[in-house]
Amino acid sequence: MGKGKIIGRIREFIKAELNELSREAILLRSGIVLAVSVLVAVAFVLYSVLNPKFEMPKTAALRAENSRWKTRMEMLGYKLDQCEEMLQAVEDRNNWVYREMFGLGAVNDPVPVTEIKYIARYGENLDPDLLETLVRIDNLSARVVSQSKALDQSALFARRVEALATSIPSIPPVLPRKGSYHISSFFGSREDPVYGGRSFHRGIDISAKSGTPVYATGEGTVTIAERQRSGYGNMVMIDHGYGYKTRYAHLKDIAVERGQHVRRGDLVGRVGRTGKATGPHLHYEVSQKGRQVNPMNFMDFSMSIEDYREILSAHRTEK
Ligand SMILES: [Zn+2]
């Protein structure tokens, strides 16, 4: 074999080797590219999963939903604030106005509800905001129930007080004469005008012209309407309930019957001088639980004649 031929074969060999090398190099390069690509992809996925700031579309949706729930919880909390304020106002008014007025003590606050039952039912992992809201709603409900009962009680007392106010004798039984009343004889121990000597005057004598209208001084039922020649003469007695009774004596005539229901300002008769009387006047008595009391304490003399007439006309138009 000649020298040139050997060199030629070596060249060919090297060329072939080079070709081989370059093919491997290409393969290797491609492999590296692929590996890097895979690595990048893996890193991307890891980054996505591990980085809390990165948001996949699904995470973004959940996040938006979460934000909406948070807003809803805040609105609920705000509404609860308002409810608590309103309830507080009702509680204060009931406790410090109504119950105070009727001599009832303030309502005791219900025993506060705690989160224990929720923790027992749902475990410790319950969202703290949700837990707080649940407890607030429970406490609010307990207070509403308690106040509702207390308000019923106040309403009952208000009706009693109103009934008491309309029933208890509280106006003079006749209209004033020329703007004033002439009391000819007061309540208590006095010289007897007819028989002489000390005697106890069980009422007051209001002097008035014969025929002057006499009015019921409070709502009640007529228990006596009788005509007599002696003593009280023509006399009416009204039972006002609550232990109160009034008596109207020496009447010229009687306008009511026994058992009749009368209201304050209703006509019961007219001033006269029947029975033991020296002149026309109204003998008026008030008793409380069977005990005679001074009728002067049961008349609002500060009331003007217009106020008095207003009461009378109001009662007439109501009928
Ligand atoms: Zn008298």
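Residues numbered from 1 in each chain as written. Predicted model: local features only at pLDDT ≥ 70, side-chain atom pairs only at ≥ 80, totals over all residues. Heavy atoms only, no water.

This part covers helix α2 (residues 57-101). With 45 residues, α2 ought to run about 66 Å at 1.5 Å a step, and its terminal C-alpha atoms sit 65 Å apart, in line with that. The sharpest bend along α2 reaches about 30 degrees and sits at Asn 94. When we look at burial in α2, the residues that qualify are Gly 77, Leu 80, Leu 87, Glu 91, Asn 94, Asn 95 and Arg 99. Along its buried surface, α2 packs onto α4 (128-167). (Helix = DSSP H or I, 4+ residues; strand = E, 2+ residues; numbered from the N terminus. Expected span 1.5 Å × (residues − 1). Bend = angle between axes of the 7 residues up to and from the residue. Buried < 20%, exposed > 50% of the residue type's maximum accessible area, 1.4 Å probe, protein only. Contact = heavy atoms within 4.5 Å.)

Moving on to the coordination of the zinc ion. For the zinc ion, the protein coordination sphere consists of His 201 (NE2), Asp 205 (OD) and His 283 (ND1), at 2.0 to 2.2 Å. Positions of the donor residues of the zinc ion along the chain correspond to the pattern H-x3-D-x77-H. (Donors = N, O, S within 2.8 Å, 3.2 Å for Na, K, Ca; no water.)

With that settled, the discussion passes to the pattern of salt bridges. By the definition in use, this model includes 8 salt bridges. Where Glu 91 meets Arg 143, a salt bridge forms, and the shortest distance between an N and an O atom there is 2.9 Å. With a gap of 52 residues between them, Glu 91 in helix α2 and Arg 143 in helix α4 connect regions that are remote in the sequence. One exposure class covers both Glu 91 and Arg 143, and it is buried. Put simply, Arg 270 and Asp 253 hold a salt bridge, and the shortest N to O gap is 4.0 Å. Placement of Arg 270 in strand β10 (residues 267-271) and of Asp 253 in strand β8 (residues 244-254) is noted, with a sequence separation of 17 residues between them. Each of the salt bridges in this network shares a partner with another, and the network as a whole consists of Asp 81, Glu 84 and Arg 136. (Salt bridge = Lys/Arg side-chain N within 4 Å of Asp/Glu carboxyl O.)

A word on a negative patch on the surface. There is a patch of like negative charges on the surface, built from Glu 74, Asp 127, Asp 129 and Glu 132. Given the relative accessible area of 48%, Glu 132 is considered partly exposed. (Patch = residues over 30% accessible without salt bridge, like charges linked within 9 Å, V, L, I, M, F, W, Y side chains within 5 Å. Areas by Shrake-Rupley, 256 points an atom, 1.4 Å probe, with all protein chains shown as cover. Lys, Arg positive; Asp, Glu negative; His and termini not counted. Charge placed at Lys NZ, Arg CZ, Asp CG, Glu CD.)

On to the packing of aromatic side chains, then. Counted under the stated rule, the structure contains 3 aromatic pairs. Ring geometry for Phe 187 versus Phe 200: centroids 5.4 Å apart, planes at 80 degrees, classification edge-to-face. Of this pair, Phe 187 sits in the loop between β1 (183-185) and β2 (188-191) while Phe 200 is found in strand β3 (residues 198-201), placing the two residues 13 residues apart along the sequence. Since its relative accessible area comes to 22%, Phe 187 is described here as partly exposed. (Phe/Tyr/Trp six-rings, centres within 6.5 Å; stacked < 30°, edge-to-face > 60°.)

It is worth spelling out the side chain of Thr 212 at this point. Within the secondary structure, Thr 212 sits in the loop between β4 (204-207) and β5 (213-215). With relative accessibility at 17%, the residue Thr 212 sits in the buried group. Within the structure, Thr 212 has its side chain in polar contact with the backbone oxygen of Lys 209 (distance 2.6 Å). Apart from residues no more than four positions distant in its own chain, Thr 212 is found in contact with Val 174, Gly 269, Arg 270 and Val 271. (Polar contact = N/O pair within 3.5 Å; in protein donor to acceptor, adjacent residues only side chain to side chain.)

Time to look at unusual backbone geometry. Even without glycine at this site, Tyr 242 takes up a positive phi of about 55 degrees. Following the sequence through the fold, Tyr 242 ends up in the loop between β7 (234-241) and β8. At Lys 289, a residue that is not glycine, the phi angle is positive and equals roughly 50 degrees. With respect to the helices and strands, the residue Lys 289 is situated in the loop between β11 (281-288) and β12 (291-293).

Right, let's get into the environment of Pro 295. Tracing the backbone shows Pro 295 in the loop between β12 and α5 (305-318). Pro 295 sits in the buried class, given a relative accessible area of 0%. Apart from the residues within four sequence positions on either side, Pro 295 is in contact with Phe 187, Gly 203, Ile 204, Tyr 284, Glu 285 and Val 286.

Together, Trp 96, Val 97, Tyr 98, Met 101 and Leu 151 make up a nonpolar patch on the protein surface, roughly 510 Å² of accessible area in all. Examining the composition of the nonpolar patch, we find that 4 residues originate from one element, α2, more than from any other.

Per the domain assignment, the segments making up the protein chain are domain 1 (57-167) and domain 2 (183-318). Placing the centre of domain 1 and that of domain 2 at their C-alpha centroids yields a distance of 54 Å. The interface is formed by 6 residues belonging to domain 1 together with 5 residues belonging to domain 2. The tally of links between domain 1 and domain 2 comes to 0 salt bridges. Viewed at the interface, domain 2 and domain 1 are joined by 4 residue pairs in polar contact (both at pLDDT 80 or more). (Domains from an automatic or database assignment.)

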